[in-house]
Amino acid sequence: NKHYGEPRNLLRPGRGENMGSGWETARNPHRPPVLEQDASGFVHMPGVCDWSVLRLGAVAQAIEELHIDTNHFRGNYPESVVVEACNDPGLTAANLTHAAWKELLP
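Values in this document were obtained by computation on a predicted structure and should not be read as measured data.

Inspection of the secondary structure assignment puts Trp51 in the segment before strand S1 (83–85). The spacing of Trp51 and Val83 is 32 residues in sequence and 9.7 Å in space, taken between C-alpha atoms.

Here it is in structure tokens:
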């Protein structure tokens, strides 16, 4: 939701100066009122997640670093993150679920 910041801020180098220089999503209306942990210690919220898809300008041979900075989140930070990638130049918003996604950071 662009109201909460520019999605392109996800690709900016360095740490954000304040909450406005990052990007956040609106609260998920399906988030349960009481959060419970599953057996692995993560919050159990089936079907509740925020996501973004970024199309990069070139294909990388390898990913050497990935920074996920939640510095300015106050009580609204994600308790976990999954990073996936795919190499599909013809991918469109309509067929995202049909792509061959590879998990980079479980």
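Next comes the rest of the write-up.
Along the chain, the position of Leu66 falls in the segment before S1. Between the C-alpha atoms of Leu66 and Leu105, which are 39 residues apart in sequence, the distance is 9.3 Å. Excluding anything up to four places from it in sequence, Leu66 contacts Val83 and Leu105.

Here Glu36 lies in the segment before S1. Taking relative accessible area as the criterion, Glu36 reaches 54% and is therefore assigned exposed. Ignoring sequence-local partners within four residues, the contact set of Glu36 consists of Phe42, Val43 and His44.

About the thresholds
- Residues numbered from 1 in each chain as written.
- Predicted model: local features only at pLDDT ≥ 70, side-chain atom pairs only at ≥ 80, totals over all residues.
- Heavy atoms only, no water.
- Helix = DSSP H or I, 4+ residues; strand = E, 2+ residues; numbered from the N terminus.
- Contact = heavy atoms within 4.5 Å.
- Buried < 20%, exposed > 50% of the residue type's maximum accessible area, 1.4 Å probe, protein only.

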